[in-house]
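Overview (structure and organization)
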Amino acid sequence: LVKVMKGLIQLSGVRIRHLAGNPIEGFRRRRSLCSGFFDSLLGRTAKNKSYHIPDHIERPDYAEDGCPKGVPPVFPWIIYQNTPEEMECAREAGRISREVLDAAGKAVQAGVSTAEIDEVVYAETIKRGAYPSPLNYRGFPKCVCTSLNEVVCHGIPDTNRKFVNGDIVNIDVSCYIRGYHGDNSEMFCVGEVDDDAKKLLKVTYDSWQAAIAICRPGVPYNKIGQVIDSYVTNHGFSTTKNFLGHGVGKIFHTTPNVFHFHTAKDLGIMAPGHIFTIEPMVNEGTDQNYTLDDGWTTVTSDNKRSAQFEHTLLITETGVEILTKKSESSPKQFWE
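Attention in this report is confined to the structure presented alongside it.

**Let's talk about the overall build of the protein chain**
The helix and strand inventory of the protein chain stands at 7 helices and 15 strands. Residues counted as buried form 57% of the 336 residues belonging to the protein chain. Long-range pairs, those at least 24 residues apart, make up 71% of the contacts in the protein chain with a sequence separation of at least 6. Here the protein chain displays about 13500 Å² of accessible surface, and carbon together with sulfur accounts for 54% of that area.

**Let's talk about the nonpolar core**
The biggest cluster of nonpolar side chains holds 40 residues, and the ones touching the most others in it are Val 108, Tyr 131, Phe 163, Ile 171 and Val 173. Only α4 (84-106), α5 (114-127), β4 (168-177) and β5 (180-189) provide two or more residues apiece to this core. By residue number, the principal contributor to this core is α4, which donates 8 residues. When residues no more than four places from it in sequence are discounted, the contact partners of Tyr 131 are Ile 53, Ile 57, Glu 58, Arg 59, Pro 60, Tyr 62, Ala 63, Thr 125, Asn 136, Ser 174, Cys 175 and Tyr 176. Ala 197, Ala 211, Phe 237 and Ala 307 belong to the second largest nonpolar core, which has 32 residues in total.

**Brief notes about the packing of α4 against α5**
Helix packing geometry: the angle between the two helix axes and the distance between the axes. Relative orientation of the contacting elements α4 and α5 amounts to 150 degrees, with a least axis distance of 9 Å. The chirality of how α4 crosses α5 is right-handed. Contacts from Val 100, Ala 103 and Ala 104 in α4 reach Ile 117, Val 120, Val 121, Glu 124 and Thr 125 in α5. Here the contact of α4 with α5 is built from residues that sort into 6 nonpolar, 1 polar and 1 charged.

Parameters and conventions
- What you see as residue numbers is a count from 1 along each chain, following the sequence as written.
- For this predicted model, a pLDDT threshold of at least 70 governs which residues receive local features, and a threshold of 80 or more governs which side-chain atom pairs are given and counted, while totals over whole chains, interfaces and linings are taken from all residues.
- Side-chain metrics rest on all non-hydrogen atoms present in the structure, leaving aside hydrogens and water.
- Numbering of helices and strands runs from the N terminus, with a helix taken as a DSSP run of H or I at least four residues long and a strand as a DSSP run of E at least two residues long.
- To sort residues, take the accessible area from a 1.4 Å probe on protein chains only and compare it with the maximum for the residue type: under 20% means buried, over 50% means exposed, and anything in between is partly exposed.
- The contact criterion used throughout is that any non-hydrogen atoms of two residues lie within 4.5 Å.
- Values of accessible area rely on a 1.4 Å probe in the Shrake-Rupley scheme; residue burial ignores everything except the protein chains shown.
- We call a set of buried Ala, Val, Leu, Ile, Met, Phe, Trp, Tyr and Cys residues a nonpolar core when their side-chain atoms join them within 4.5 Å.
- Note on geometry: axes are lines fitted to C-alpha atoms, helical ones only across the stretch in contact, with angles between N-to-C directions running from 0 to 180 degrees.
- Each helix crossing is assigned a hand: it is left-handed if the near helix lies turned anticlockwise from the far helix by less than a right angle, otherwise right-handed if that turn is clockwise.
- Residue polarity follows a fixed list, in which Ala, Val, Leu, Ile, Met, Phe, Trp, Tyr, Cys and Pro are nonpolar, Asp, Glu, Lys and Arg are charged, and the others, Gly among them, are polar.

Okay, here's the thing in structure tokens:
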């Protein structure tokens, strides 16, 4: 049974969690990724009633019951090639996702709660006629993920957690419009942060940029992880291995699987029309982590800090287009 579950998860084209300890409990506690059936079984599909989504806004297929209906390809090397018309929808979703992320980043300061960041994301997304993709995705209760310090990913906004000087936070924004999801995240510093935090952010960013730079038609997807892992480990950090980048578009998480570490797996070959994310999670210490009792918030096992950047990318005939690229008005990193 365990082998079957692992196989289903790895073939599903979404972020995976390597099962450790008691595998059934690990599967239960961390995430059900195989199908809406498991989500229903584990009681993770209750509709969130805290947000008003206007009737004119198009909703993804999981908005009501929390269960995504789109099924990724069975084999990870089978990757959807978007048409020119579909690429335009993806460009709009990417642009809006970036605008909302920028608005959230500008709100980061000491004394502001992560719940207030969620309010900004909700308002800015609705204002643009889009749906906040995380909301009720497999039961996720908020519109955005806010991951501070030792949180690797999927932090849930909280009225009780206010930013303090020295914090680092990843804000992960995804927006759905015209049938397409955009997906991006960025690190933000609260006040002045220490030199070790600055090094972590800069190494994470540089490894991510180096991986984006190799993207073009004909490149195997497993090359992405080789570039990131080599760069990160040479600087004394580790890459998270149980959460991946992914295909994105009509389906929120699909093929290709984008590993951020060395792998010999056949993940497919880049081709024009492919849309996917690169989103390495880089850690000061161990690459091991665990998920809290809320079922989402994942933290490093040694409580050291983690950082992440993410873009949605489109493979073109000649190279790569960043669909969530910054604008002139986007918040700047300390090195920019």
